[in-house]
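# Per-entry structural report
The primary structure of each chain is shown beneath.
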Amino acid sequence: MSRVLIIGAGGVGGVVAQKCAQVPEVFSEIVLASRTIEKCEKIKSRIDRTIDIATVNADDVNELVDLIEVASPDLIINAALPYQDLSIMEACLATGVDYLDTANYEPRDEAKFCYGWQWDYHNRFRERGIMALLGCGFDPGVTNAFCARAQKHIFDDIEEIEIMDCNGGDHGHPFATNFNPEINIREVTAPGRYYEDGRWIEVDPLSVSKTFDFPGIGPRDMYLMYHEEMESLAKNIPGVRKMKFWMTFSGEYLTHLRVLENVGMTRIDPVLYNGVEIVPLKFLKALLPEPASLGKSYEGKTCIGCLINGKRDGKARKYYIYNLCDHARAYEEVGAQAVHYTTGVPAMIGAMMILTGVWRGKGVFNVEEFDPDPFMEKLNDYGLPWTEEFLE
Ligand code: NDP
């Protein structure tokens, strides 16, 4: 019986709150806090249990500490934005509460995301006797658990990991992002980076692509990007030689993005307009559809998984493990599209692992550092079943 504090009432936060509410035997009390109380109220109205809601500015450590002291949670699930990761971790240290998030810290003024800032908290969390679980969404999150499973059960030696994220769905808008537009566009327009023999190799944004035939979806063009789970997998999967992350984009999405970039709308530095400073990307966010609103008309599926090469008993193996998630079914269950669903469900399950004592530690951890089996069993139970197969 535990009390959880969820911070952030966007698309992901809404799924996390509803999925936690489905498991009262673990999450006996739920508090949902965010910047805009109306968003918390809307989520609360979808839940047929009593939950508490609150307003908080999660950039402000003192405000967070006050809220934590009143709410007195056993765990905080950070479903706000990467900008808030460090302030929430500071508040966890001040109050001695465990922490979980789905995306690594990113400073506002630089489109750079890496685990370094959060890994630096390891000793302080260890000394305080609490734990932080980083990146427990789908990618990162489930993809890390897929790799841990491959390491534990499938291979003696993993040579290459390719993480492939396909959204085969259609939301009916000419251009929209599937999660927070600011974070999404910063990520997509950053240089690509892959791992080879202990080195990171950088390429121009979206300059490398290939086609893959996704199960249940069909062939799609996918583009090489840098993604945070490769950083922790390079550290935690011993011997891995090569890693790439691929994401699919439609021609229409890429054309819109190119035009927006060319005219300066994706800039994150302030520009002066009529005597007022505005950040073009923030302004663009205000014009685009809210990702949480896309679910209603979304059709099709997402397919996210890992294609892994390596050896078992001296013989070469090619292994593919993935989940297929249907946008319309996710919407029917929790009123959210599949990208939010595939992020929120693993966050709830990670929280369950911590609160039931299945995954425990003192310090800062990534998903692949824990036993993947109990986590993956719960994915099957709570709406994200996975499939594994050996390719030729
Ligand atoms: P949204 O923009 O829909 O939601 C973010 C929420 O956080 C909003 O309710 C927002 O409030 C709130 N928030 C923002 N700043 C503050 C603040 N200072 N104090 C309090 N609340 C704040 O984003 P998403 O739900 O789409 O994404 C949430 C997170 O999930 C992101 O970090 C994203 O990177 C991550 N993610 C992870 C994935 C994975 O697989 N690992 C995949 C997809 C997303 P307000 O409404 O007032 O702005």
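## A short note on the overall build of the chain
- From N to C terminus, the chain includes 14 helices and 18 strands.
- Relative to the compact-globule value of 21 Å for 392 residues, the chain shows a C-alpha radius of gyration of 20 Å, a close match.
- For the C-alpha atoms alone, the extent of the chain along its principal axes is close to 55 × 55 × 40 Å.
- For the chain, the share of sequence-separated contacts (at least 6 apart) that also reach a separation of at least 24 residues comes to 71%.

## Describing the sheet that holds strand β2 (residues 27–34)
- Here 7 strands make up an open sheet; going across it, the order is β3-β2-β1-β4-β5-β6-β17 and the pairing parallel. Single-partner strands in this sheet number two, and they are β3 (52–55) and β17 (363–366). Pairwise comparison of adjacent strand axes, ignoring direction, gives a mean angle of 20 degrees for this sheet.
- Here 2 bridges tie strand β5 (residues 98–101) to strand β6 (residues 131–134), and the two strands are oriented parallel to one another.

## Quick notes on the domain arrangement of the chain
- What the domain assignment lists for the chain is domain 1 (2–134) and domain 2 (142–337 + 386–391).
- Spacing between the C-alpha centres of domain 1 and domain 2 amounts to 24 Å.
- Each side of the interface is counted separately: domain 1 has 24 residues, and domain 2 has 19 residues.
- Interface area, domain 1 with domain 2, both sides summed: about 1700 Å², of which 53% is carbon and sulfur.
- Its largest share of buried area at the contact with domain 2, domain 1 owes to F113, Y115 and W119, together 32% of the area lost on that side.
- Linking domain 1 with domain 2 are 3 salt bridges, by the criterion used here.

## Some points on empty space enclosed by the protein
- For the structure shown, the criterion picks out 1 cavity of 30 Å³ or more.
- Within this model, the largest cavity holds a volume of roughly 40 Å³.
- Lining the largest cavity are N78, A79, A80, L81, P82, D85, D101, T102 and A103.
- Of the residues belonging to the lining of the largest cavity, the class tally is 5 nonpolar, 2 polar and 2 charged.

## Brief notes about the site of the ligand
- By nearness alone, 29 residues border the ligand, and R35, T36, K39, A58 and N180 come closest of all.
- Within the backbone of V56, an N or O atom sits 3.5 Å from a nitrogen atom of the ligand.
- Contact distances for the ligand include 3.0 Å between a nitrogen atom and a side-chain N or O atom of D59.
- In the complex, the protein chains occlude 94% of the 920 Å² of accessible area that the ligand would expose alone.
- At the level of secondary structure, the elements contributing two or more residues to the shell around the ligand comprise α1 (11–21) and α13 (338–355).
- Looking at the shell around the ligand residue by residue, the class counts come to 13 nonpolar, 12 polar and 4 charged.
- Residue-level mapping places the shell around the ligand at the junction of two domains, with at least three residues from each of domain 1 (2–134) and domain 2 (142–337 + 386–391).

## Overview of a nonpolar patch on the surface
- On the surface, a nonpolar cluster with roughly 500 Å² of combined accessible area is contributed by Y273, V276, I278, F283 and L287.
- Where the nonpolar patch is concerned, the elements lending two or more residues are β14 (276–278) and α11 (280–287).
- Considering the arrangement of structural elements, one finds I278 in strand β14.
- The class for I278 is partly exposed, based on a relative accessible area of 31%.

Analysis parameters
- Residues numbered from 1 in each chain as written.
- Predicted model: local features only at pLDDT ≥ 70, side-chain atom pairs only at ≥ 80, totals over all residues.
- Heavy atoms only, no water.
- Helix = DSSP H or I, 4+ residues; strand = E, 2+ residues; numbered from the N terminus.
- Rg over C-alpha atoms; globule rule 2.2 N^0.38 Å.
- Contact = heavy atoms within 4.5 Å.
- Pairing = 2+ DSSP bridges.
- Axes fitted to C-alpha atoms, helices over the stretch in contact; angles between N-to-C directions.
- Domains from an automatic or database assignment.
- Buried area = accessible area lost by both parts, 1.4 Å probe.
- Salt bridge = Lys/Arg side-chain N within 4 Å of Asp/Glu carboxyl O.
- 1 Å grid on protein atoms, 1.4 Å probe; cavity = no way out; pocket = protein on both sides within 12 Å on 5 of 7 lines; lining within 4 Å.
- Points joined across faces, edges and corners; volume = space filled by probe spheres on them.
- Nonpolar A, V, L, I, M, F, W, Y, C, P; charged D, E, K, R; others polar.
- Near = heavy atom within 4 Å.
- Polar contact = N/O pair within 3.5 Å; in protein donor to acceptor, adjacent residues only side chain to side chain.
- Areas by Shrake-Rupley, 256 points an atom, 1.4 Å probe, with all protein chains shown as cover.
- Patch = residues over 30% accessible without salt bridge, like charges linked within 9 Å, V, L, I, M, F, W, Y side chains within 5 Å.
- Buried < 20%, exposed > 50% of the residue type's maximum accessible area, 1.4 Å probe, protein only.

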